[in-house]
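Listed below, chain by chain, are the residues.
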Protein chains: 2
Amino acid sequence: MELSRTHQDLFELIAIPSISTLPEHKQDIMRAADWLKQYLVDSGIPTENIQFLHSPELDTEKHHPVVFGQLIANPNNPTVLVYGHYDVQPVDPIDQWQSDPFKAEVRDGFIYARGATDDKGQLMTQLAAVREFIAQAKAAGNELPLNFKFLIEGEEENGGENIEHIIKDPKFSELLKADICLVSDGPWVDPQHPTIEYGLRGITYAQINVRLADSDMHSGLFGGGVLNPINALTQILAQLQDRNTGKVLIPGFYDDVVDISDLERQKIAAVPYSEEQFLHDAKNAKAIWGEQGYSVAERTSARPTFDINGIWGGFQGVGAKTVIPATAHAKVSMRLVANQEPQKIFELLKNYVAQIALKEVDVEVELIHGGDAMLAPLDSPYIQKAAQALQETFGVDPVYARSGGSIPAIALMQSKLGVTPILLNYGFGDDGMHGPNERFSMQQFEKGIQANLKFLQLIS
Amino acid sequence: MELSRTHQDLFELIAIPSISTLPEHKQDIMRAADWLKQYLVDSGIPTENIQFLHSPELDTEKHHPVVFGQLIANPNNPTVLVYGHYDVQPVDPIDQWQSDPFKAEVRDGFIYARGATDDKGQLMTQLAAVREFIAQAKAAGNELPLNFKFLIEGEEENGGENIEHIIKDPKFSELLKADICLVSDGPWVDPQHPTIEYGLRGITYAQINVRLADSDMHSGLFGGGVLNPINALTQILAQLQDRNTGKVLIPGFYDDVVDISDLERQKIAAVPYSEEQFLHDAKNAKAIWGEQGYSVAERTSARPTFDINGIWGGFQGVGAKTVIPATAHAKVSMRLVANQEPQKIFELLKNYVAQIALKEVDVEVELIHGGDAMLAPLDSPYIQKAAQALQETFGVDPVYARSGGSIPAIALMQSKLGVTPILLNYGFGDDGMHGPNERFSMQQFEKGIQANLKFLQLIS
């Protein structure tokens, strides 16, 4: 494998400022998609099998194409769907970058650039591994023992609507059919431990609006005679979670939760992540807190939550204003775990709020968005092969982690396409994704390619 | 009594744009103070007995003078202290005025101008009555049966700091000594009912700050593992008031409350103010709500309250942001009634919050400001004479009202100077004080002078 060529490839892709949220980079988005198409062609994917997918329901001007390609050697062989994204975050604050974010620079063993780890660098560990895998089979004169599909989106950093519509659309389900979905788009738990991420949380995000009157009023003249909407809102919110046990109090909330198995508890407990480290990462949070009966690692990955993400109403300035506001509002979200359904959880929330809200104000609960949780089967042979590939490449047994975050596209692929998600990440926690001076370890890049290649060989 | 001259006087005073909050009107403030000084001289107050008071603790550039004057005919006679203010609110939005706010215009029996009702017009009902009272005594060749003091401030619309310091300062207590304090600066309960306002609520205004961490964090990665400061804040706030009974739950909160007497209940119930009218005035609030066991009139005037005047934290924009904020904040105020002490109530709040707050976040409670409640004795002979003066002037028995609002200067005069406050208002609820097209009924102006004069005659 000619690594220097692979580095060149990555640096070329990095040089295209494919920022998906900024309309002025639309051309760069298209250049990155074209670059990927050419890369796939050069890897041996027939040009006619490559297409830019658009959901028929969305405006192609506003939404960016999903680069799709396939190489079906033998329909009876396992099909690997490679998922990644070619778009990146904006680069603000630009003055905090030590080098040009779109000119990859290697310093102290790290590649510094926007997209270095999220996700161009990690995407290239997959694409380079597949290219090498195909090349080796061809060199040996063998039939390719695996089929490949590629699903590389251009708006992961901007809502991911296009891919979501495509995965949900029955018209595309045959095209996207696969056995496993291979993803490299995240960090290890720490730089010493190769990590298999086997779970992601789902989410239900809603807004609660409380309304008393047409406009604000004087708290001296009317205070005590009407139900202050902020008072009412805090009463509602306080009844959604037990302040002592940390349990969510919405009736039925836990009904569909898949309990943490003994095997999982062991694997989670085996991850070397101290409470000190957690608090440090949590911006020097004052203390650990959460649901009784679970460790902090379990609480933040394998258990559902209730968080108020925003709240506002009335006077927020300096000093005093004696006002009873007309309205008050809160954004709330519940991280979900398998098998909680976002829509069902929203209905439970809505019904419970309607039940507990005092009738002297109007209360409305609106869904902002929902996303499924993902939980890959830990006993899947694919997971076992992934662990073996990591062990053989890095010389260390991998740890198993459920992420507390949500990647709805992966959960959707599991639920709609029936694929087993295999998340083989190679980033580090301090790679600075989304921030200035984003970086990716050179060694992780190189060994990531080897590990992904090893995995493909092991499942062949 | 030559009314046309009195109208001219009022129109002259109105023509001085004495807006206390705008530094560019400092000269106008001084012109208004000088105008009042001359008015008092013309009324018979010796020039040497008139002075502009300044608290030695305050910057005279930033603070406006209190116009003080006195006429002591016989130290054994009752002393009437006339309180009012010569400053006015700004005139924004100026384009909504139908006539020049500083050129009084009479339309349909109303004087339209900034300060027409608040407080220049009502202040002049007092000053003109005193002038006439003095003139009549002089014409009859009698010794003046009352002593007069005047305390007319220039920053009532801008915090009232100067007068507050002066009343609290022992150096001024002999100078300000009086038996009653006469105030005309508010509305009747409705245009049909002369009103004696005998109570004002006090206030404790505080801010609660909850802090978790140095900066915001991702709710997916950390949600469930730390105590979200908004969750913590809503839990605290919800424990401060019973959502079913409306009672404030701070231990000791009601200890010093003076219960509503049977006499008061009757007088409050006699005020013709419907719940429909209340809801209309409360910006079409959805419903009546409040402390169990009390009528809406009692709740909004004679009972203490707990209101959250503002709340903020986290994301307040459109859509979703999955953040756990570093901090969350709320402004809270408690309207107080006699004999609750603002500082003591603050300590009770602070201690209770410290007790109920979860320890996994830092919680701070800071006092923004406090003000005493005022309650005039309903059985005072002065109140009875005031009622008689109103009855004889307007031909209708007056109603008795406690206001839910707070005028700390009047409460202070009662508590520090021992005066009995007599609030004889002549405004209407829809006079538009603080808004565009402020007005004052011409008839109320004229009869207000007569009623105040009658009152002075009755107590002589």
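Residues numbered from 1 in each chain as written. Chains lettered and ligands numbered in written order. Predicted model: local features only at pLDDT ≥ 70, side-chain atom pairs only at ≥ 80, totals over all residues. Heavy atoms only, no water.

Draft legend 1. Seen up close, the interface of chain B and chain A. Residue-level contacts link 78 residues of chain B with 78 residues of chain A. On the surface where chain B and chain A come into contact, there are 54 residue pairs in polar contact (both at pLDDT 80 or more). Of the residues forming the side of chain B that touches chain A, the biggest block, eight residues, is contributed by strand β11 (residues 307–314) of chain B. Here the residues of the side of chain B that touches chain A are counted per class, giving 32 nonpolar, 30 polar and 16 charged. Pairing analysis gives five bridges linking strand β11 (residues 307–314) of chain A to β11(B), with the strands arranged antiparallel. Among the inter-strand pairings, A:G313 is bridged to a residue of β11(B), identified as B:I311. (Contact = heavy atoms within 4.5 Å. Polar contact = N/O pair within 3.5 Å; in protein donor to acceptor, adjacent residues only side chain to side chain. Helix = DSSP H or I, 4+ residues; strand = E, 2+ residues; numbered from the N terminus. Nonpolar A, V, L, I, M, F, W, Y, C, P; charged D, E, K, R; others polar. Pairing = 2+ DSSP bridges.)

Draft legend 2. View of the relation of the copies chain B and chain A. Each copy superposes on the other: chain B lies on chain A with an RMSD of 0.2 Å after a rotation of 180 degrees and an axial shift of 0.2 Å. Between the two chains, the operation in question is that of a two-fold axis. Here 100% of the interface residues in chain B have copies in chain A that are interface residues too; the copies meet face to matching face. (Least-squares fit on C-alpha atoms with pLDDT ≥ 70 in both.)

Draft legend 3. Representation of the pattern of salt bridges within the structure. Summed over the entire model, instances satisfying the criterion amount to 31 salt bridges over all chains. With its nearest N and O atoms 2.8 Å apart, the salt bridge here joins B:R211 to B:D214. Residue B:R303 pairs with B:E291 through a salt bridge whose shortest N-O separation is 2.6 Å. Of the two residues, B:R303 is situated in the loop between α10 (296–299) and β11 and B:E291 in the loop between α9 (275–281) and α10; the sequence distance between them amounts to 12 residues. Salt bridges here are not isolated pairs; linked through shared partners, they connect A:R5, A:D9 and A:R131. (Salt bridge = Lys/Arg side-chain N within 4 Å of Asp/Glu carboxyl O.)

Draft legend 4. Just the pairing of strand β2 (residues 66–71) of chain B, in detail. Residue and element names in this part refer to chain B. Buried residues dominate β2, accounting for six of its six residues. In β2, alternate side chains face the same way, and those of V66, F68 and Q70 on one face and V67, G69 and L71 on the other are all buried. With four bridges joining them, strand β1 (residues 50–53) and β2 adopt antiparallel strand pairing. Bridged to Q51 within β2 is F68. Here β2 runs beside strand β6 (residues 147–153); their pairing, made up of five bridges, is antiparallel. Looking at β6, one finds that Q70 is bridged to K149. (Buried < 20%, exposed > 50% of the residue type's maximum accessible area, 1.4 Å probe, protein only.)

Draft legend 5. View of the sheet that holds β11(B). Spatial strand order, β14(A)-β9(A)-β13(A)-β11(A)-β11(B)-β13(B)-β9(B)-β14(B): eight strands in an open sheet with antiparallel pairing. Lying at the two open borders of the sheet, with one neighbouring strand each, are β14 (362–371) of chain A together with β14 (362–371) of chain B. Mean inter-strand twist for the sheet, computed between neighbouring axes without regard to direction, equals 15 degrees. Pairing of strand β9 (residues 202–211) of chain B with strand β13 (residues 327–336) of chain B, which is carried by 10 bridges, proceeds in the antiparallel orientation. Pairing of B:Q207 across the sheet is with B:K331, part of β13(B). Together, β9, β13 and β14 of chain B form the strand contacts of helix α11 (residues 342–356) of chain B, whose direction differs from that of β14(B) by roughly 170 degrees. (Axes fitted to C-alpha atoms, helices over the stretch in contact; angles between N-to-C directions.)

Draft legend 6. Spatial organisation of the packing of aromatic side chains. By the definition in use, this model includes 19 aromatic pairs over all chains. Ring geometry for A:F253 versus A:Y254: centroids 5.1 Å apart, planes at 90 degrees, classification edge-to-face. Their ring planes at 75 degrees and their centres at 5.8 Å tell us that B:F133 and B:F148 sit as a pair that is edge-to-face. Within this pair, whereas B:F133 is found in helix α3 (residues 120–140), its partner B:F148 is found in strand β6, the two being separated by 15 residues in sequence. Like B:F148, B:F133 is buried. Among the aromatic side chains, those forming a connected cluster through ring pairs are A:W188, A:F394, A:Y426 and A:F428. In this structure, A:R131 packs its charged tip against the face of A:Y39, placed 3.8 Å from the ring centre. The cationic tip of B:R439 hangs over the ring face of B:F110; the distance from NZ or CZ to the ring centre is 3.8 Å. (Phe/Tyr/Trp six-rings, centres within 6.5 Å; stacked < 30°, edge-to-face > 60°. Lys NZ or Arg CZ within 6 Å of the ring centre and 35° of its normal.)

Draft legend 7. Examining the sheet that holds strand β4 (residues 105–107) of chain B more closely. All names here are of chain B. One open sheet accounts for three strands, arranged β4-β5-β18; its pairing is antiparallel. Each having just a single partner strand, β4 and β18 (439–441) make up the two edges of the open sheet. Here the strands of the sheet are splayed against their neighbours by 30 degrees on average, with no regard to which way each runs. As defined by bridge partners, strand β5 (residues 110–112) adjoins β18 across three bridges and the pair is classed as antiparallel. By the bridge assignment, Y112 is partnered in β18 with R439. The sheet strands contacting helix α14 (residues 442–459) are β4, β5 and β18, and the helix crosses β18 at an angle near 60 degrees.

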